[in-house]
Amino acid sequence: MTRTTNHQSTVILSRTLTRVAIGIALTFPALSFSPRASAAEAAARSEQAMPFSIPAQPLEDALNEFIAVTDWQVGFPAELAKGARSPGVAGRYPPSEALRKLLAGTGLVYRHTGARAVTLERAREPIRPAMADNQEVHLSPVMVKDEALEETDRGSYTVARSFSATKTDTPIMDTPVSVQVVPRAVMQDQQTTRIKDALENVSGVRPQSSLGLGNGYIIRGFRNDRVFRNGLVASGVSIGGATEFDTANLKSVEVLKGPAAILFGRIEPGGMINVVTKRPEDTPYYSLEQRFGSYDFYRTEWDATGAITGDRSWSYRFAGAYQNNESFRDFNFNDRILVQPSVTWRPADATEMTLEVEALYQEYQVDRALFAIGDRPASIPISRSFIDPDDPIDTLSRVNLGFTLSHAFNETWTIRNRFLASFNDDDNFSVKPANVFTVQQFFDPSAGNRTYLRNIFSQVAAAETYTTNLDLTGNLELWGTRHQTLVGFDFLRSTGTYLTRGDFMNPVPGLEIDIYNPVYGIDRSFYANALATPFPAGSNHSYFRDEWYGVYFQDHITLWDKIHILGGGRYDWATTGRGRGDSFRAAEASLPSREDEGFSPRVGILYQPWYWLSVYGNWTTSFGANNGVTGSGATVDPEIGEQFEAGVKTELFDQRLTTTLAYYHLTKENILTRDFSSPDPFAVAPIGEARSQGIELDVSGQITDELSLIGSYAFTDARITKDNSGLQDNRLNNVPEHAGSLWLKYDIRRYAPLNGLSFGAGVFVAGQREGDDDNTFVLPGYVRLDAFAAYRYPLGGSNLVAQFNIRNLLDKTYYESTDPFQNAPPRVGIYPGAPLTAMGSIRLEF
């Protein structure tokens, strides 16, 4: 197939590169600024960085490994290190920086006694104000830092904090909510390139693709087509969807279970997904990786970070990837590039500013997936596609421009401002099944139900989203209680346009195809006719607009170091609308507007009888304005969610292994679906109410210094409870009653001939799922087995890592999800999982 980009693709690429150029110009003017450094700083710069791979272990053992690697002299009394445990260090660092990381959390610091000699001592307590005695007060410098957003140790599965839970620096064990984090180390070991695959490690989360893109997820039974980026919406609210997220520039993926509206605004009640991007560091680190695998898969990934100036007040990061691959699905491919330059300025210990630009451009082929015959997926090869090899190339682009400012006024109060501008463009053109809204015309009965009827459809979507928030946090002590207080404001404005061409309702004579003996090749005139056919006539242009204001407050109260009470609320003002016409100007002029407002509270309590055990419960609600119009032209009342949850959390094996066991009961009212009784193909109707309840278990971290794991299990009972169209008591689509995963990794560290070797395996399980809300067919359950092996070899002052992964080791046929009626009826939108897939990689770290 010849791949030549059409005119629209060229325009989008040009627009993308222009935005990238502007972003880079904004990001890097400071590269020429280099203030004079002191002699001490010059000495620190001259310290040569070297690779470290010291696991978490008793401090004395970790120091012995440090001495062996660096040939430094480290003196300390034996009783000083007794009972202390080091978190370890992995990566390339100067020895002094590596030693600081080894001592983190031990209460110890080091003091130089020579160029390569140090002695350990206990850290001094910070001097507290002595106002009553009128003594002079000496306060240590206030450091502003988002601990929850800091880079986790490379190689560690243990995560102690999450930004999504409370927007504050609160350990997960102290928060009365269920939150899970997939760290960078897991994504690296599993060689994931899309967040869809990373989320397989989290209980209650299921992918739900459309057109083959990872643009939707089901959390606790409810679909969520928006993804947050560093706490802000990363795509259009009404059009554009979450589209694709590459993992090259991510340090972790967070999932906050249940309604999260109190802190993040308009979001589905099942939960929220938040990707946390890599940030600039002042310690140099560089990596370059080449991957290659099945179906002509090639991927180059890079990451570079370090200080720009001698005083480390300026630092940078440049991460990205280029990927090109075919697919196990006929005529499908992917060709994409991701770049993310970012820079951080710390003018003082109390102030930090970060500016980043992320740009993704992708050429791909829409996947119209498989279909059901009877109550099961059709028994045809999962590789078979019913699009066309001459189908024009589809394009997708996304540009994110983000800014973060943090300032600590003192040891008590800190203010943070975040801003994100997102620009999303998607232009796709495909041969598709007819009719788009029913299943009665897909097969020709006169041909023995083997002739697949098709038409051609083109859609172009563009969205611009601007969102910002302002958070003020304080750490207070009142009447013997500790308070971590948060007050904030956020604003979102999103506009989008949507253009459709080609008769997507009726079969086009001459496009039918035999499903058992397909013959491909479509005359180019069919494509030209589709592009020249506005459909629906007179209303094929749509214009969306959303505006969202919210104010919120939260207080995390700690009593006696054992009881944690979390309370807060949010008030929202939302304006939504969608207009249609024969041009975008006409669509905007006809835009109906609906205004809604509402209050969303959240309360929770956690009791921690021992440091390793927490018992918690919470009640929370959510508010989500519906941007849809009924067949009569009326707008729809907001969606309302409500959840009750109770659970247990543990930190075992020296606080390296965390678990969360939760029971929840969640309801959602005014859920939108297609109104099949209306002649208007865009008409929607609320199906009433749905309920999801279940039990979830998540575990991640380390059992020993060598054995790491991440696993999950979910029992989910998700059903439609109130409905006026015959769906009551049906199970919600694509939600298995039982699902789970377990990924184990073993690092050989104590057997000299094999030191540096790692290997592991994972199993991913899902039970039978209903393919649609009508429950007319099911997707069979499956068990998938994955495996990997890697070897880390010291090479001079660098590390060379060779890795080999196999996904679906037993080559099982399975189906991941169905289309959510977004671009096709679920019965003709069944997406299969990939067969056995192998991938190798070589990575150089220095």
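Coordinates for the structure precede this section.
Note that this is a predicted model, so its numbers are computed, not measured. Residue indices begin from 1 for each chain and proceed along its sequence in written order. pLDDT decides what is reported in this predicted model: residues at 70 or higher carry local features, side-chain atom pairs at 80 or more are listed and counted, and totals for whole chains, interfaces and linings draw on all residues regardless. As a convention, hydrogens and water are excluded, and side-chain values are obtained from all of the structure's heavy atoms.

1. Remarks on the overall build of the protein chain
Here's step 1: Broken down by element type, the protein chain carries 11 helices and 47 strands.
Here's step 2: Residue contacts are defined here by distance: any two heavy atoms, one from each residue, within 4.5 Å place the two residues in contact. Long-range contacts, defined as pairs at least 24 residues apart, comprise 70% of the intrachain contacts of the protein chain with a sequence gap of at least 6.
Here's step 3: Calculation of accessible area relied on Shrake-Rupley with a 1.4 Å probe; when residues are assessed, cover is drawn exclusively from the protein chains displayed. Carbon and sulfur atoms form 57% of the exposed surface of the protein chain, whose accessible area is close to 33,200 Å². Strands are runs of DSSP state E lasting at least 2 residues, helices are runs of H or I lasting at least 4, and numbering of each runs from the N terminus.

2. As for the pattern of salt bridges
Pairs may arise between side chains of opposite charge once their charged atoms sit close together.
Here's step 1: One speaks of a salt bridge when a side-chain nitrogen belonging to Lys or Arg is within 4 Å of a carboxyl oxygen belonging to Asp or Glu. For the structure on display, the rule yields 53 salt bridges.
Here's step 2: A salt bridge links Arg299 to Asp246, with the nearest nitrogen and oxygen atoms 2.7 Å apart. A residue pair is termed long-range when its members are at least 10 positions apart, and Arg299 in strand β17 (residues 297–307) and Asp246 in the loop between β13 (232–233) and β14 (250–257) qualify at 53 residues.
Here's step 3: Only protein chains enter the area calculation, which uses a 1.4 Å probe; residues under 20% of their type maximum are buried, those over 50% are exposed, and those in between are partly exposed. Exposure remark for Arg299: the relative accessible area of 0% places this residue in the buried category.
Here's step 4: Here Asp246 falls in the buried class, since its relative accessible area comes to 3%.
Here's step 5: Here Glu696 makes a salt bridge to Lys257, at a shortest N to O gap of 2.9 Å. Placement of Glu696 in strand β37 (residues 689–702) and of Lys257 in strand β14 is noted, with a sequence separation of 439 residues between them.
Here's step 6: Residue classification places Glu696 among the buried positions, given a relative accessible area of 1%.

3. Topic: the environment of Val276
Here's step 1: Relative to the elements of secondary structure, Val276 occurs in strand β15 (residues 271–277).
Here's step 2: Spatially, the C-alpha atoms of Val276 and Phe163 are 8.9 Å apart, while their sequence positions differ by 113 residues.

4. Focus on the packing of aromatic side chains
Here's step 1: Pairing of aromatic side chains requires ring centres within 6.5 Å, counting the rings of Phe and Tyr and the six-membered ring of Trp. Pairs whose planes differ by under 30 degrees are stacked, by over 60 edge-to-face, and all others tilted. Taken as a whole and assessed by the stated rule, the structure comprises 22 aromatic pairs.
Here's step 2: Both rings, one in Phe52 and one in Phe66, keep their centres 6.1 Å apart while their planes meet at 10 degrees; by these two values the pair is stacked. Residue Phe52 is located in strand β1 (residues 50–54), and its partner Phe66 is located in helix α3 (residues 59–70); the two are separated by 14 residues in the primary sequence.
Here's step 3: On the basis of relative accessibility, which here comes to 2%, the residue Phe52 falls in the buried class.
Here's step 4: Owing to a relative accessible area of 0%, Phe66 belongs among the buried residues under this scheme.
Here's step 5: Taken together, a centroid distance of 4.9 Å and an interplanar angle of 55 degrees make the contact between Tyr571 and Trp573 tilted.
Here's step 6: In textbook terms, an aromatic cluster arises when at least three aromatic residues are bridged by ring pairs, as seen for Phe52, Phe66 and Trp72.
Here's step 7: Geometry around Phe264 places Lys167 over its ring, the cationic atom sitting 5.1 Å from the centre. Both a distance and an angle decide whether a charge sits over a ring: NZ of Lys or CZ of Arg must be within 6 Å of the ring centre and within 35 degrees of the ring normal.

5. Remarks on the side chain of Asp747
Here's step 1: Here Asp747 is to be found in strand β39 (residues 738–747).
Here's step 2: Taking the relative accessible area as the measure of exposure, Asp747 reaches 7% and is therefore buried.
Here's step 3: Two N or O atoms count as a polar contact when they lie within 3.5 Å, although within protein this holds only if one can serve as hydrogen donor and the other as acceptor, and sequence-adjacent residues are included solely when both atoms are side-chain atoms. Within the structure, Asp747 has its side chain in polar contact with the side chain of Ser758 (distance 2.4 Å).
Here's step 4: Setting aside chain neighbours within four positions, we find Asp747 in contact with Glu706, Leu757 and Ser758.

6. Some points on the pairing of strand β27 (residues 481–501)
Here's step 1: Among the 21 residues that make up β27, 15 are buried, leaving the element largely enclosed by the rest of the structure.
Here's step 2: Hairpin connection between strand β26 (residues 454–478) and β27: a loop of 2 residues separates the two successive antiparallel strands, and Trp479 in this loop has a positive phi of roughly 50 degrees.
Here's step 3: Whether two strands pair comes down to DSSP finding at least two bridges between them. Judged from the 18 bridges that link them, β27 and strand β29 (residues 541–559) form a sheet pairing that is antiparallel. Paired with Thr495 across the bridge in β29 is Arg545.

7. Some details on empty space enclosed by the protein
Here's step 1: Any residue with an atom within 4 Å of a point lines the site, the site being either a cavity, points on a 1 Å grid over the protein atoms alone where a 1.4 Å probe fits but cannot get out, or a pocket, an open set with protein on both sides within 12 Å along at least 5 of 7 lines. Grid points are joined across faces, edges and corners, and a volume is the space filled by probe spheres set on the points. Taken as a whole, this structure holds 10 cavities of 30 Å³ or more when the rule is applied.
Here's step 2: Estimated volume of the largest cavity: approximately 1,100 Å³.
Here's step 3: Lining the largest cavity are 48 residues; nearest its centre among them are Arg194, Asp197, Asn325, Phe328 and Ala834.
Here's step 4: Only Asp, Glu, Lys and Arg are considered charged, only Ala, Val, Leu, Ile, Met, Phe, Trp, Tyr, Cys and Pro nonpolar, and every remaining residue, Gly among them, polar. Residues of the lining of the largest cavity, tallied by class, amount to 17 nonpolar, 18 polar and 13 charged.

8. Description of the environment of Phe544
Here's step 1: Structurally, Phe544 is set in strand β29.
Here's step 2: Phe544 sits 47 residues away from Thr497 along the chain, and the two C-alpha atoms are 6.3 Å apart.

9. Some words on α3
Here's step 1: A rise of 1.5 Å per residue sets the reference length of α3, with its 12 residues, at 16 Å; its end C-alpha atoms lie 16 Å apart and thus fit the reference within 8%.
Here's step 2: For α3, every residue scored as buried is listed here: Leu59, Ala62, Leu63, Phe66 and Thr70. Projected down its long axis, α3 shows its buried positions confined to an angular sector of 100 degrees, all on one face.
Here's step 3: Just past α3, the residue Asp71 takes up positive phi, approximately 65 degrees. Multiply 1.5 Å by the residue count of a helix minus one, and that product is the helix's expected span. Note that the arc is defined by the directions from the helix axis to the C-beta atoms.

10. Regarding the sheet that holds strand β10 (residues 217–219)
Here's step 1: As summarised here, the arrangement of the 3 strands in space is β9-β10-β11, forming an open sheet in which the pairing is antiparallel. Unpaired on one side and paired on the other, β9 (205–207) and β11 (222–224) mark the two borders of the sheet. Direction aside, neighbouring strands of the sheet carry axes that sit 30 degrees apart on average. Axes here mean lines fitted to C-alpha atoms, for a helix over just the part in contact, with angles spanning 0 to 180 degrees between N-to-C directions.

11. Observations concerning a nonpolar patch on the surface
Here's step 1: Taken together, Tyr607, Val615, Val648, Leu661, Tyr663, Ile695, Leu697 and Tyr713 make up a surface patch of nonpolar side chains, about 650 Å² in accessible area.
Here's step 2: Elements supplying a minimum of two residues to the nonpolar patch: β34 (657–669) and β37.
Here's step 3: Along the chain, the position of Leu661 falls in strand β34. Patches draw on residues past 30% relative accessible area with no salt bridge. Two like charges within 9 Å are joined, as are two nonpolar side chains (Val, Leu, Ile, Met, Phe, Trp, Tyr) within 5 Å.

12. As for the nonpolar core
Here's step 1: What is meant by a nonpolar core is a set of buried Ala, Val, Leu, Ile, Met, Phe, Trp, Tyr and Cys residues, joined one to another through side-chain atoms within 4.5 Å. One finds Ile195, Leu199, Val227, Val253, Ile273 and Val275 to be the most contacted residues of the largest nonpolar core, which totals 27 residues.
Here's step 2: Elements with a minimum of two residues in this core: α7 (184–190), α8 (195–198), β10, β14, β15 and β43 (782–795).
Here's step 3: Every residue in contact with Val253, bar those within four places of it in the chain, is listed here: Gln180, Val181, Val182, Met187, Ile195, Leu199, Ile273, Asn274 and Val275.
Here's step 4: Listed in part, the 22 residues of the second largest apolar core include Val159, Ile172, Val177 and Phe228.

13. Structural notes on unusual backbone geometry
Here's step 1: Of note, the bond from Phe535 into Pro536 is cis; its omega dihedral lies within 30 degrees of zero at -5 degrees.
Here's step 2: With respect to the helices and strands, Pro536 occurs in the loop between α10 (524–531) and β29.
Here's step 3: Positive phi is not limited to glycine here, since Asn230 has a value of about 55 degrees.
Here's step 4: Structurally, Asn230 is set in the loop between β12 (228–229) and β13.
Here's step 5: What makes Asn230 buried here is its relative accessible area of 14%.

14. So, the sheet that holds β12
Here's step 1: In spatial order, the strands read β8-β14-β15-β12-β13; together these 5 strands make up an open sheet with mixed pairing. Two strands lie at the open edges of the sheet, namely β8 (179–183) and β13, each paired on one side alone.
Here's step 2: Sheet analysis places β12 next to β15, joined by 2 bridges and oriented parallel. From the neighbouring strand, Arg229 faces β15, where its bridge partner is Val275.

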